[in-house]
Every structure is written in structure tokens, then in C-alpha cells.
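Each chain, letter by letter, is given below.
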Amino acid sequence: MNPPLLTPSQTVGPFFAYSLTARQYGYDYSSLLDAHLADTNRDKQIILTGRIFDGAGNVVNDAVVEFWQPEPQHPDVIDYPRRPGTFRGFGRLGTGTTADHSFTFTTFKPTATVTGDAPHVNVILMMRGSLRTLYTRLYFADEPEANAHDALLNSIASERRTTLLANQIGVDTYQFDIRLQGENETVFFDL
Amino acid sequence: MTASATHPPHLYPDYKSTILRSPTQPLLLVPDHLRNLRLPVFGESCLGELDNDLTKNARKNGEPIGERIRVFGRVLDESGRPIPNALLEIWQANAAGRYIHKAEIHDAPLDPNFLGAGRVLTNAEGHYSFYTIKPGAYPWGNHYNAWRPNHIHFSVFGHFLDQRLVTQMYFPGDPLFAYDPIFQSTPVQARERLIAQFRMEQTEAEFALAYEFTIVLNGRTQTPFDR
Ligand SMILES: [Fe+2]
């Protein structure tokens, strides 16, 4: 028997919200995932916020953003409803419900992984006008030493590395804007 | 290796929204440990009782209008290994071609008894199945008189980061294939993989027609280690 052939990707389109992010958008359906990678009552919360810009500089108001922060303590399985006080490591938001079309996740500052990577969060991005899933990573601008030793960051031309850095804009708040095209186009991964 | 022979390009100008939203720089080659990064596993607790039956999960005062169907299949990797516990999230238009999404303005009726959202997990052999209503075609603003073929949207979580697939399932023999830039963006030799197969032997007499849709995710180029 011949091995099966890969299923092609197609766009998520503009009408995902009542399935993928129903609660956030006010639809009468459950949502497995939300903005909280870590429980909201936990100490040392940080906030990761940003916007997505297209090639004309317009904010994208119909994207789905997923943040995946694997940590040693992340649970074996994601339960629904979520268990209070537990770290989940995975979050999902659409960009259609805030006035400025930003996404805002809460978590704690990632630790460096066993592979020696600098602290980071994996970012998965889907939207109308995107025929493929886009992947990138959020690193922290205030971790210069760890970043300097990160193999993936070092594989990027130095002038584009900053597109993966989240900048601290408040006590516990970091900003991570994603640019699909143009000057400072975010580095996306070949996965 | 097979990605460019399988997936649409990022930029496909006939689908106009890609023009300002597709990366222009080459994608970064990444180490295998990122490709092999495990995604979260979704437990059985994530499934509501009616999540796998879109004909029942939004009833208000009766049954949804339209042609009842069962969609079933397997989630496999490229080597043919079944992928158990894959999460499939589903959304679609109703039988009249109308999405319940608030931004949808197509002048076709909403169905008070149909939402069009559901989810399923694959079993130990990678099988999944759900009931729904066959979605209608709908117009969109890409170009003059643009219509999308009938389709069901799928969001898929396999086990690894490169198994996070979003796709659409189409129905056999749709006359709109030739005119739809989203379907046409797919390399010609891979298009038929997006089309479900009608399975007479799986239809349920007096109840539902059946369509099979196999989903194949990236395989492993090397054995990933659990961490
Ligand atoms: Fe659609």
C-alpha cells in the first residue's frame, strides 16, 4: 500500500470565531482555550500583548493567535473546564473583540528549556488571507544573555532578530507586534 | 520535502487577501527539536455530549433544515500511522450557505436550530466521525460573482508542532471548484485530497448520507524523543 499523501492547508477564513473562540466573541458555544496560559491567581503573572499588521500597515482584526509555552510542569492533558490553579501553557485568542484589535495573554515568564533555548513562547497564527499556518516565536528583549546563546535566534540575520523580541512596556507587560510584510517583517518558520 | 507539492503558496494573488498578508521573506529553516515539539493533548473532558453532532447541538425549537450527513475518516501521519487523540474543531455554513458569524452579511436565512460548530477527538486507531447538515455554497467579495464551493472548515491538533493543520473539506463534483481561488491555490496534484469521498456503504438507511475525509499530517523525519 502506498503511504498516504499529506492533506493540503487551506485558510481559516473570516468566520472561525463561533467555533474556535466562541466565548470570547459571545457565541453560545463552549471554548476549550482562552487568554490564560497560567491561572490568573498565580503569582508573578506577566502580560503578553500585541497586534498584527498587514503589508499596508493596517491592523489585522480577524486573526487567530495561539501561544504555546511548554514548561516542565505543564499538564499531561488539557482538561475542560480548566482546573483552577494549574498551568496550561496553551492559549488562544481572536483579534476581533478589542477596540485596537490587540491580543493579550497572561502567563508567567518562561524558563529556559532543556535544549538551551532562551525563554520563549511559540506562536501559531492563522487568518483570512493566509493559506498556511504561520509559526514564529516570542523571545524577551530583557534576556540578552540567554538570547545571545539561543541557536534559533543566532540562525537569523542579526537585523531581523529583533522582530522576535517582546519589549517590556510596563511593570509586568511585554509588547509583541507581528508584521506580516514590509520593514521589520516578522521571521516566520518553515514547518 | 512534500510541503510545496501539497500546500498552497503563501501568496496567491487570485485570492486577494493574500496580497497584503503573506510573508515576503523566505521562511526560516528550524531545527528538528522545534518541528518535534509536542503540542498539548486534549482530554476526553474537552468533549461535550453533543459536540460531535451538529444536527443536535444547537436545537432551539426543532431540527435544523437541510441534508443530514455523517462525515467520518481517519487522521494519519505520512507513514500511515494513525494519530489517536487528535482534536478536530469544525465550523461551517448552514444548508442555505449562511454562517452565524456576526460579520457575515450574505442575504440567506439563519437556521435557529443550527450553529455549525463542533469538535471531535480521534480514537485509538485515529478514527473520527460526526453528524452535520451539508453546508450550502455562499458568495464572497473576492471578485465579481465569487462563490465558495460547499465546504466544512477543520482545525486539527496532531501531536507535534508541525501537525497543527487548518484545512477545508469539499464535496465531490462541485461545479464551483474551477472558479474558487482558495481551492485553486492548492497544487493541482493535491486538490483531490481536499475532496471527501461519498461512501454509499456507510450511509445510514432512512437517516444520513456519508462522506469520508482522510486527514494526513506531517510525519517524523527522525524519531522524536519525549522530553
Ligand atoms: Fe467558509
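Let us look at the structure shown here. (Residues numbered from 1 in each chain as written. Chains lettered and ligands numbered in written order. Predicted model: local features only at pLDDT ≥ 70, side-chain atom pairs only at ≥ 80, totals over all residues. Heavy atoms only, no water.)

**A closer look at the sheet that holds strand β4 (residues 87-92) of chain B**
Residues and elements named next belong to chain B.
Step number 1: Strand order in the open sheet formed by 4 strands is β5-β4-β9-β10, with antiparallel pairing between adjacent strands. In the strand order of this sheet, the two ends are held by β5 (117-121) and β10 (164-170), each with one partner. Put simply, the sheet's adjacent strands are angled 20° from each other on average, direction ignored.
Step number 2: Relative to β5, β4 runs antiparallel, the two sharing 5 bridges. Its bridge partner being in β5, L87 is matched across the sheet by L121. (Pairing = 2+ DSSP bridges. Helix = DSSP H or I, 4+ residues; strand = E, 2+ residues; numbered from the N terminus. Axes fitted to C-alpha atoms, helices over the stretch in contact; angles between N-to-C directions.)

**Describing the environment of T24 of chain B**
Step number 1: Note that T24 of chain B resides in the loop between α1 (3-6) and β1 (28-29).
Step number 2: You can call T24 of chain B exposed: its relative accessible area is 53%.
Step number 3: Once the C-alpha coordinates of T24 of chain B and G141 of chain B are considered, the two residues, 117 residues apart in sequence, prove to be 24 Å apart.
Step number 4: Setting aside its immediate chain neighbours within four residues, T24 of chain B contacts L180, Q181 and E185 of chain A.
Step number 5: One polar contact links T24 of chain B to E185 of chain A, side chain to side chain, over a distance of 2.4 Å. (Buried < 20%, exposed > 50% of the residue type's maximum accessible area, 1.4 Å probe, protein only. Contact = heavy atoms within 4.5 Å. Polar contact = N/O pair within 3.5 Å; in protein donor to acceptor, adjacent residues only side chain to side chain.)

**Re the coordination of the iron ion**
Between any two of four tetrahedral donors, the ideal angle at the metal is 109.5 degrees; between two of six octahedral donors, it is 90 or 180 degrees.
Residues and elements named next belong to chain B.
Step number 1: Here the iron ion is held by the protein donor atoms Y99 (OH), Y138 (OH), H151 (NE2) and H153 (NE2), which lie 1.9 to 2.2 Å from it.
Step number 2: For the iron ion, the 4 donor atoms in the first shell make angles of 92 to 160° at the metal, a pattern classed as irregular.
Step number 3: Read in sequence order, the donor residues coordinating the iron ion give the pattern Y-x38-Y-x12-H-x1-H. Taken together, the positions of Y99 in the loop between β4 and β5 and Y138 in strand β7 (residues 138-140) put the pair 39 residues apart, joining distant regions of the chain. With respect to class, Y99 is no different from Y138; both count as buried. (Donors = N, O, S within 2.8 Å, 3.2 Å for Na, K, Ca; no water. Tetrahedral: all angles 85-135°; square planar, octahedral: opposite > 155°, others 65-115°.)

**Re the packing of aromatic side chains**
Step number 1: Under the counting rule described, the total for this entry stands at 24 aromatic pairs over all chains.
Step number 2: Measuring from centroid to centroid gives 4.2 Å for F67 of chain A and F105 of chain A, while their planes differ by 20°, and the two rings are stacked. Here F67 of chain A, found in strand β3 (residues 63-68), pairs with F105 of chain A, found in strand β6 (residues 103-108); they are 38 residues apart in sequence, far enough to count as distant.
Step number 3: A residue is classified by how much of its surface remains accessible, and F105 of chain A, at 0% relative accessible area, is buried.
Step number 4: Seen in terms of ring centroids, F130 of chain B and F154 of chain B are 6.0 Å apart; in terms of plane orientation they differ by 55°. Their pairing is tilted. One end of the pair, F130 of chain B, is in strand β6 (residues 127-133); the other, F154 of chain B, is in strand β9 (residues 151-157), with 24 residues separating them in the sequence. Accessibility classification places F130 of chain B together with F154 of chain B in one group, the buried group.
Step number 5: Through a chain of ring-to-ring contacts, three or more aromatic side chains come together here, namely W68 and F90 of chain A together with F42 and F157 of chain B.
Step number 6: If you follow K109 of chain A out to its NZ or CZ, it ends over the ring of F140 of chain A, 5.0 Å from the centre. (Phe/Tyr/Trp six-rings, centres within 6.5 Å; stacked < 30°, edge-to-face > 60°. Lys NZ or Arg CZ within 6 Å of the ring centre and 35° of its normal.)

**Points about the pattern of salt bridges**
Step number 1: Enumeration according to the criterion identifies 21 salt bridges over all chains in this entry.
Step number 2: The residue K109 of chain A makes a salt bridge to E143 of chain A at a minimum N-O spacing of 2.9 Å. One end of the pair, K109 of chain A, is in the loop between β6 and β7 (120-127); the other, E143 of chain A, is in the loop between β8 (134-140) and α3 (144-148), with 34 residues separating them in the sequence.
Step number 3: For E143 of chain A, a relative accessible area of 22% translates into the label partly exposed.
Step number 4: As a salt-bridge pair, K56 of chain B and D53 of chain B come within 3.4 Å of each other at their nearest N and O atoms.
Step number 5: Residue classification places K56 of chain B among the partly exposed residues on the basis of a relative accessible area of 39%. (Salt bridge = Lys/Arg side-chain N within 4 Å of Asp/Glu carboxyl O.)

**Thoughts on the nonpolar core**
Step number 1: Counting 47 residues, the largest nonpolar core has L152 and F189 of chain A together with F42 and L161 of chain B as its most contacted members.
Step number 2: Only α1 (17-20), α2 (22-25), β3, β7, β8 and α4 (151-154) of chain A together with β4 and β5 of chain B provide two or more residues apiece to this core.
Step number 3: Of all the elements, α1 of chain A adds the most residues to this core, at 3 residues.
Step number 4: Here L152 of chain A is in contact with R137, Y139, L164 and F189 of chain A together with L28, V30, P31 and L34 of chain B, once residues within four sequence places are set aside.
Step number 5: In terms of nonpolar packing, the next biggest core, distinct from the first, is built from 28 residues, L48, V60, L125 and L180 of chain A among them. (Core = buried A, V, L, I, M, F, W, Y, C linked by side-chain atoms within 4.5 Å.)

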